Protein chains: 2
Amino acid sequence: MAAREYGQYCGVTQALELVGERWALLIVRDLLVGPRRYGELAAGLPRIPSNILAARLKELQAAGVIRRAPRSRIVIYELTPYGRELEPVVLALGAWGFKAMGDPREEQIITPDSMTITLRTAFRSQVAAALPATAYAAHVGPTDLLVRVDGPALSVTRGDGPADLAFATGQDIHRLISGDLAPERAIATGVVEVLRGPADLLDRFASTFHLAA
Amino acid sequence: MAAREYGQYCGVTQALELVGERWALLIVRDLLVGPRRYGELAAGLPRIPSNILAARLKELQAAGVIRRAPRSRIVIYELTPYGRELEPVVLALGAWGFKAMGDPREEQIITPDSMTITLRTAFRSQVAAALPATAYAAHVGPTDLLVRVDGPALSVTRGDGPADLAFATGQDIHRLISGDLAPERAIATGVVEVLRGPADLLDRFASTFHLAA
DNA sequence: CCGCATCCAAGCGGATACTG
DNA sequence: CAGTATCCGCTTGGATGCGG
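Keep in mind that this is a model prediction, so the values were computed, not measured. (Residues numbered from 1 in each chain as written. Chains lettered and ligands numbered in written order. Predicted model: local features only at pLDDT ≥ 70, side-chain atom pairs only at ≥ 80, totals over all residues. Heavy atoms only, no water.)

**Student:** Is there a simple way to explain the protein's contact with DNA strand D in this structure?
**Tutor:** As a matter of local geometry, DNA strand D sits amid 17 residues, with A:Arg37, A:Ser50, A:Tyr77, B:Arg22 and B:Arg56 nearest to it. Counting only the atoms of DNA strand D within 4 Å of the protein, the fraction contributed by sugar and phosphate is 60%. Interatomic distance of 3.1 Å between a backbone N/O atom of A:Gly39 and a phosphate oxygen of DNA strand D. Within the side chain of B:Asn51, one N or O atom sits 3.0 Å away from a base oxygen of DNA strand D. Elements represented by at least two residues in the surface near DNA strand D include exactly α3 (38–44) and α4 (50–62) of chain A together with α4 (50–62) of chain B. Top element by residues in the surface near DNA strand D is α4(B). It accounts for 4 residues. Looking at the surface near DNA strand D residue by residue, the class counts come to 6 nonpolar, 5 polar and 6 charged. (Near = heavy atom within 4 Å. Polar contact = N/O pair within 3.5 Å; in protein donor to acceptor, adjacent residues only side chain to side chain. Helix = DSSP H or I, 4+ residues; strand = E, 2+ residues; numbered from the N terminus. Nonpolar A, V, L, I, M, F, W, Y, C, P; charged D, E, K, R; others polar.)

**Student:** Just to check I follow, could you spell out unusual backbone geometry for this structure?
**Tutor:** Despite not being glycine, A:Trp23 has its phi angle at roughly 80°, a positive value. By the element assignment, A:Trp23 lies in the loop between α1 (11–19) and α2 (24–33).

**Student:** I would appreciate a short explanation of the nonpolar core in the present structure.
**Tutor:** Nonpolar side chains tend to gather and get buried jointly when the protein is soluble and globular. Core analysis: the largest hydrophobic core is formed by 66 residues, its most contacted members being A:Val65 and B:Val65. Apart from the residues lying within four places of it in its own chain, the contact partners of B:Val65 are A:Trp96, B:Val19, B:Val28, B:Leu60, B:Glu78, B:Leu79, B:Thr80, B:Gly83 and B:Leu86. (Core = buried A, V, L, I, M, F, W, Y, C linked by side-chain atoms within 4.5 Å. Buried < 20%, exposed > 50% of the residue type's maximum accessible area, 1.4 Å probe, protein only. Contact = heavy atoms within 4.5 Å.)

**Student:** Where do I start with the environment of B:Leu195 in this structure?
**Tutor:** Residues and elements named next belong to chain B. Assignment of secondary structure puts Leu-195 in strand β7 (residues 193–196). Through-space distance from the C-alpha of Leu-195 to that of Val-75 is 38 Å; in sequence the pair is 120 residues apart. Those residues in contact with Leu-195, other than ones at most four positions away along the chain, are His-139, Ala-166, Phe-167 and Ala-168.

**Student:** What is the right way to look at the domain arrangement of chain A in this model?
**Tutor:** All names here are of chain A. Assigned domains of chain A: these are domain 1 (11–84) and domain 2 (106–208). With centres defined by C-alpha atoms, the gap from domain 1 to domain 2 works out at 27 Å. At the interface, 7 residues of domain 1 touch 8 residues of domain 2. Taken together, the two surfaces of domain 1 and domain 2 that pack against each other cover about 620 Å², and 59% of this comes from carbon and sulfur. Between Asp-113 and Arg-36 there is a salt bridge; the shortest N-O distance is 2.8 Å. For the interface between domain 1 and domain 2, the tally reads 2 residue pairs in polar contact (both at pLDDT 80 or more). The element that contributes the greatest number of residues to the side of domain 1 that touches domain 2 is α2, accounting for 4 residues. (Domains from an automatic or database assignment. Buried area = accessible area lost by both parts, 1.4 Å probe. Salt bridge = Lys/Arg side-chain N within 4 Å of Asp/Glu carboxyl O.)

**Student:** Could you clarify how one ought to interpret the protein's contact with DNA strand C in this entry?
**Tutor:** In the vicinity of DNA strand C, 21 residues are found, and the nearest of them are A:Arg22, A:Arg56, B:Gly39, B:Ser50 and B:Tyr77. In DNA strand C, the atoms that sit within 4 Å of the protein are 62% sugar and phosphate, with bases accounting for the remainder. A:Trp23 is positioned with one of its side-chain polar atoms (N or O) 3.0 Å from a phosphate oxygen of DNA strand C. A:Arg56 is positioned with one of its side-chain polar atoms (N or O) 2.7 Å from a phosphate oxygen of DNA strand C. Mapped by element, the contributors of at least two residues to the surface near DNA strand C are α4 of chain A together with α3 (38–44) and α4 of chain B. Residue composition of the surface near DNA strand C, by class: 7 nonpolar, 5 polar and 9 charged.

**Student:** Is there a simple way to explain α4(B) in this structure?
**Tutor:** Note: α-helices contain 3.6 residues per turn, so residues at a spacing of three or four share the same orientation. Residue and element names in this part refer to chain B. The end-to-end C-alpha distance of α4, which contains 13 residues, comes to 19 Å, matching closely the 18 Å that a straight helix rising 1.5 Å per residue would cover. For α4, every residue scored as buried is listed here: Leu-53, Arg-56, Leu-57 and Leu-60. Burial along α4 is one-sided: seen end-on, the buried residues are contained in an arc of 105°. Away from the buried face of α4 by more than 90 degrees, exposed residues Asn-51, Lys-58 and Ala-62 are located. Here the buried face of α4 lies against α1 (11–19), α2 (24–33), α3, β1 (66–68) and β2 (77–79). Trailing α4 by a residue or two, Gly-64 shows a phi angle of about 80°, which is positive. (Expected span 1.5 Å × (residues − 1). Arc of directions from axis to C-beta.)

Printed below as a string of C-alpha cells:
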C-alpha cells in the first residue's frame, strides 16, 4: 500500500485521498465558478507554487474530478460532472470557515472566485425568492462582480454592468454578511461607499446574503 | 505571514487552515461519533504516527475544534460545539467519496467509527420515518454495531444487543448500500449471513441506508 | 498501559529558474 | 503562456523512549 494512504474503506478517507491534498479543494473552489486556464488558476491562487499546481491538476484529472476541456484549441480546465458534485462540500466548508474568520489581515486577499463562492455560500434562496429581482454591482477591493438575484436564483459574474445598486467596499464585506455591521452604519462610517442607486438597497443585499458568525 | 497559509480572506481557506491538514478531518470524523481517548483515536486510525496524532490534537484544540473534556479524571477528547458543526462537512465528504469507492483492497479496514459515519451518511431519514422502528445488529468484519432506527431518528452504538435482525458481512456492505448488490442476492451468495431474525428485514435495511454510486 | 516526546529517513511542499 | 526542472527545508511516517 502506498505509504500516504489512509488504509480505510470509508467514504471520508476516499474523498480525502482524492481531494484532501493541500490546495486541491481551492482549485476545485475556483473551478466551481467556471472553467479556467492554467494561468487564471495561478492568478487566483497567488501563493501556490507552479509545480504544485501542475501536480494537483494531474492528480485531479487522474481522480476524475477535473478534465481538460475537449474541442478547445487552448488548454482549459473544468470540473467533470463528478467534480461538480463537490459543491456541497466546498460550500459547507466555506460556511463553517466563515464563522472562524476574524478581522482580515493586510496580506489576506479576496479573489473574484473566492468572493463568488462566498456569495453563493451566504445566499439565502428562501429570502431572495420573496424579494424583487435585483442586480448589484459589487466592487470588493479591486474585484468587480455583477450579482444578479432573480427570485431564488443567483448569478455572479465578473466585471461591471448595469445594476440597481453599485457599491464599493473592501474585506469588511465580511462584517456586512455576518451581520456584525448594519448596512446603515457601513455607509455612515464609509466602510461601504454607494456609487449608484438608492442606499437602502444595501439592506436588501444584507438580507439576501447572510451567514451568522 | 506563515509560509503555509493560503493568504486569502475566504471561508474555504479559513476552514482548510483549521482542519485541512492531513488526518485532521479523520480525527473529527471519529469524534463526531463520541468522545475518545488518545489510545482510542490511535486505534481507530492505525496508520497515523503518534507524533502526528499528538500534533493534530494540539492544533485542533488551538483552533477551538476540540477540547479535553472538563471534570474528567482521565484525558478525553471531544468536539466543541463549533467542532460539531463540521458534521455537514464530514457527511458531505463521505457521501461524495462513497461514490468513488471501488472494490475494497485487502489492507483497507473498516473501523467502528468510520462505519458509524458511513451509516449516518447513507441514512435516509425520510424513508425511515415511514417504516416501523427496527433494530439491527450488524457485524461488519470484526466490528459489532447496534443500529436502531426509530422513525426519522438513527442511533448507532458499538457492541451487540437485542435486534430484529442480526447479520454478518464484510466490506461488501458497501455494495449493499450502493444498490450494486440486491439484498436477496447478498444472502443467496453468502456475502451477507443472516444470524437471527427474518431475512427480508435486510430489504428494509437496504432501503433505509442507501447512497447511489 | 496511556499520552505523548524524540530521533531519523524519506519524500513532499515551496521558491526560483528555466524551457518549448 | 503552460508548464518543467532543480534545490532545499520541513512535514510526514515510522520506530523508539519515557514519565505518570
